[in-house]
Amino acid sequence: MASVKSVDEASVEKKLNGAKNTQESIQSLCLWALHHKAQHENIVKIWLNILKKSKIQRRLTLFYLCNEIVQTCKRKHAIMYKDAFKEVLRDAVLLVRDNSVRNNIERIFSIWEERSIYDSEFIEDLIAILNNTKIRPSAAKLLAEYKPSKLRENIGKIVKLQKETEAKRRRMSSLNIDVTSQNYLKLLKDRSHGKQCTQQIEDLHRYLEEYVSNLEKEIKEGQTQQELLEQSELFYDAQYGEAKIVTNAYKNFGTRVTNLRKKLDDIRKTLPDPLSPIPSPTVDAPSLLKVLLKQLKTIMKLLIWKCQTWKTMMALVNTKHTLQAMLPPLHLHDLCLLQWII
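Values in this document were obtained by computation on a predicted structure and should not be read as measured data.

Trainee: Tell me about the overall build of the protein, and please be specific about residues and values.
Mentor: A count of helices and strands for the protein gives 14 helices and zero strands. Each helix and strand of the protein, ordered N terminal to C terminal, gives the series α-α-α-α-α-α-α-α-α-α-α-α-α-α. Long-range pairs, those at least 24 residues apart, make up 77% of the contacts in the protein between residues at least 6 apart in sequence. Per element, the accessible surface of the protein, about 25,200 Å² overall, is 58% carbon and sulfur.

Rendered as structure tokens:
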């Protein structure tokens with residue numbers, strides 16, 4: 001039996017990268033993983049990392065391997081794989097939502113539910129994530145931190161690397177050296193020609209190393225670009241979902257307003273006709289200013305009359321003695337009448 005130390009990360013990656021979409025390959029890798037159950041956490045972690053870097057069809061193959069392991073682990077006394085995969089499956093499902101494999105992945109989940117590999121709530125959660133109806137907390141954090149500028153910057157890096165790689169390839173081709181050619185071997189006539197050929201081969205070797213190094217950088221940046229594109233898909237899917245919710249809310253609000261307007265129109269038809277407005281004055285009706293002036297004249301006449309009456313009474317008072325001589329003595333009721341007149 002292999003020891004824990006004998007199964008390093010490189011060998012695990014090599015094993016998982018060699019997985020093929022055949023029953024024999026899947027079963028062979030499953031038995032290998034169950035045999036090294038002491039390394040289950042490391043194996044599942046590397047499985048997820050390879051899943052992120054792989055193309056969509058290879059991801060499906062890796063899910064078939066996961067399916068074989070979680071269904072067989074209990075029988076092979078390696079139940080720890082079931083819990084280990086449960087910890088990473090929600091994040092892994094985000095990587096297999098492509099239409100070309102979605103039905104296959106959903107079929108795997110259905111089998112797990114039928115055979116009670118995982119509980120129904122967990123399976124429903126996976127299916128919701130697969131169908132983009134639920135966002136994982138980790139995905140929510142990703143959406144909050146996502147910046148479209150990173151995608152543009154990485155595209156710029158890849159384009160720059162491609163140009164550099166092409167330039168290195170052309171420089172390497174410009175040497176036009178074929179060491180297997182008989183004509184090239186004929187140039188090795190003496191020591192000086194030998195040194196010249198050696199220098200050319202060393203230059204070619206250096207250019208080749210630089211070319212291969214650039215290709216490796218392109219591959220690395222390509223993997224980063226793939227991850228960024230997947231994050232972009234999650235981000236814009238979430239944005240679309242939020243926009244759709246807002247659109248539906250406004251649509252429902254508009255429908256309610258329209259229905260309310262129809263109800264109000266129906267109620268208005270049942271109401272009696274409103275009262276006619278106050279009629280406007282006729283053409284020959286006196287204006288307000290004329291009426292006020294007429295009333296003011298009446299008041300002035302009354303004031304003038306009172307003033308004249310007051311003067312008359314004052315004259316009577318001044319001729320008091322004359323009146324007393326001419327008139328009989330005034331009684332109390334006569335004085336009251338006089339006061340009223342004044």
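There is more to say, and it comes next.
Trainee: Which residues make up the pattern of salt bridges, and what are the values?
Mentor: Applying the stated rule across the entire model yields nine salt bridges. Asp119 is the partner of Lys86 in a salt bridge, and the nearest nitrogen-oxygen pair spans 3.4 Å. Taken together, the residues span a long stretch of sequence, with Lys86 in helix 5 (residues 80–93) and Asp119 in the loop between helix 6 (99–114) and helix 7 (120–130) at a distance of 33 residues. The class of Asp119 is partly exposed, set by a relative accessible area of 38%. With a closest N to O distance of 2.6 Å, Arg169 and Glu166 form a salt bridge. Pair noted here: Arg169 and Glu166 are both in helix 9 (residues 148–174), with a separation of three residues, about one helical turn. Take Arg169: its relative accessible area is 33%, and that puts it in the partly exposed class. A cluster of three or more residues bridged by salt bridges with shared partners is formed by Glu166, Arg169 and Arg170.

Trainee: Give me the packing of helix 4 (residues 56–72) against helix 5: which residues, what numbers.
Mentor: Look at helix 4 against helix 5: their axes get within 10 Å of each other, and the N-to-C directions meet at 150°. As the angle between them shows, helix 4 and helix 5 are arranged roughly antiparallel. Here helix 4 and helix 5 pass one another in a crossing that is left-handed. Only Tyr81, Lys82, Phe85, Leu89, Ala92 and Val93 of helix 5 make contact with helix 4, whose side of the interface consists of Phe63, Cys66, Ile69 and Val70. Along the lines of polarity and charge, the residues of the contact of helix 4 with helix 5 split into nine nonpolar, no polar and one charged.

Trainee: Which residues make up the nonpolar core, and what values do they have?
Mentor: Soluble, globular proteins show a tendency: their nonpolar side chains are buried together. Ranked by internal contacts, the top residues of the largest apolar core, which has 49 residues, are Trp47, Phe63, Tyr81, Phe85, Phe109 and Trp112. Breaking this core down by element, the ones donating at least two residues are helix 1 (9–17), helix 2 (23–35), helix 3 (40–53), helix 4, helix 5, helix 6 and helix 7. If we ignore the near neighbours within four places in the chain, the residues touching Phe109 are Phe63, Val93, Ile123, Leu126, Ile127 and Leu130.

Trainee: Please provide a residue-by-residue account of the packing of aromatic side chains, values included.
Mentor: Overall, the coordinates contain six aromatic pairs when judged by the stated rule. With 5.5 Å between their ring centres and 45° between their planes, Phe109 and Trp112 make a pair best called tilted. Taken together, the positions of Phe109 and Trp112, both in helix 6 and three residues apart, correspond to about one turn of that helix. Taking the relative accessible area as the measure of exposure, Phe109 reaches 0% and is therefore buried.

Trainee: Before we move on, could you go through a nonpolar patch on the surface and cite the residues and values that matter?
Mentor: Judged by side-chain polarity, Leu293, Leu296, Ile299, Met300 and Leu303 come together as a nonpolar surface patch covering roughly 470 Å² of accessible area. Turning to its location among the elements, Leu296 is positioned in helix 12 (residues 288–318).

Trainee: If you had to explain the packing of helix 4 against helix 6 to someone new, which residues and values would you point to?
Mentor: Contact geometry of helix 4 with helix 6 gives a least axis separation of 10 Å together with a crossing angle of 5°. By the angle between their directions, the pair helix 4 and helix 6 is classed as roughly parallel. Only Ser100, Val101, Asn104, Ile105, Ile108, Phe109, Ile111 and Trp112 of helix 6 make contact with helix 4, whose side of the interface consists of Ile56, Gln57, Leu60, Phe63, Tyr64, Cys66, Asn67, Val70 and Gln71. Residues that form the contact of helix 4 with helix 6 fall into these classes: twelve nonpolar, five polar and no charged.

Trainee: I'd love a proper account of helix 6, names of residues and values included.
Mentor: Between the first and last C-alpha of helix 6 there are 23 Å, a value that for 16 residues agrees with the 22 Å anticipated at 1.5 Å per step. Taken as a whole, helix 6 has its buried residues at Val101, Ile105, Ile108, Phe109, Ile111 and Trp112. End-on view of helix 6: buried residues confined to an arc of 155°, all on one side of the axis. Turned more than 90 degrees away from the buried face of helix 6, the exposed residues are Asn99, Asn103 and Glu114.

Trainee: So what's going on with the side chain of Asp125? Residues and values would help.
Mentor: Summarising the element assignment, Asp125 is placed in helix 7. Within polar-contact distance, the side chain of Asp125 engages the side chain of Arg90 at 2.5 Å.

Trainee: Can you lay out the environment of Leu65 for me, pointing to particular residues and giving the numbers?
Mentor: Looking at the secondary structure, you find Leu65 in helix 4. On a C-alpha basis, the gap between Leu65 and Ala33 in space is 9.8 Å, while along the polypeptide they are 32 residues apart. Every residue in contact with Leu65, bar those within four places of it in the chain, is listed here: Leu16, Ile26, Leu29 and Cys30.

Trainee: Before we move on, could you go through the environment of Arg152 and cite the residues and values that matter?
Mentor: Looking at where Arg152 falls in the secondary structure, it is placed in helix 9. Since its relative accessible area comes to 56%, Arg152 is described here as exposed.

Trainee: Hey, could you go over helix 9 for me, with residue numbers and the actual values?
Mentor: An ideal rise of 1.5 Å per residue puts 39 Å on 27 residues; helix 9 measures up with 40 Å between its terminal C-alpha atoms. Inspection of helix 9 places Leu151, Asn154, Ile158, Leu161, Thr165 and Met172 among the buried residues, and these make up the whole buried set. Looking one or two residues beyond helix 9, the residue adopting positive phi is Asn176, at roughly 55°.

The rules behind these values
- Residues numbered from 1 in each chain as written.
- Predicted model: local features only at pLDDT ≥ 70, side-chain atom pairs only at ≥ 80, totals over all residues.
- Heavy atoms only, no water.
- Helix = DSSP H or I, 4+ residues; strand = E, 2+ residues; numbered from the N terminus.
- Contact = heavy atoms within 4.5 Å.
- Areas by Shrake-Rupley, 256 points an atom, 1.4 Å probe, with all protein chains shown as cover.
- Salt bridge = Lys/Arg side-chain N within 4 Å of Asp/Glu carboxyl O.
- Buried < 20%, exposed > 50% of the residue type's maximum accessible area, 1.4 Å probe, protein only.
- Axes fitted to C-alpha atoms, helices over the stretch in contact; angles between N-to-C directions.
- Parallel < 35°, antiparallel > 145°, perpendicular 65-115°, else oblique.
- Left-handed = near helix turned anticlockwise from the far one by under 90°.
- Nonpolar A, V, L, I, M, F, W, Y, C, P; charged D, E, K, R; others polar.
- Core = buried A, V, L, I, M, F, W, Y, C linked by side-chain atoms within 4.5 Å.
- Phe/Tyr/Trp six-rings, centres within 6.5 Å; stacked < 30°, edge-to-face > 60°.
- Patch = residues over 30% accessible without salt bridge, like charges linked within 9 Å, V, L, I, M, F, W, Y side chains within 5 Å.
- Expected span 1.5 Å × (residues − 1).
- Arc of directions from axis to C-beta.
- Polar contact = N/O pair within 3.5 Å; in protein donor to acceptor, adjacent residues only side chain to side chain.

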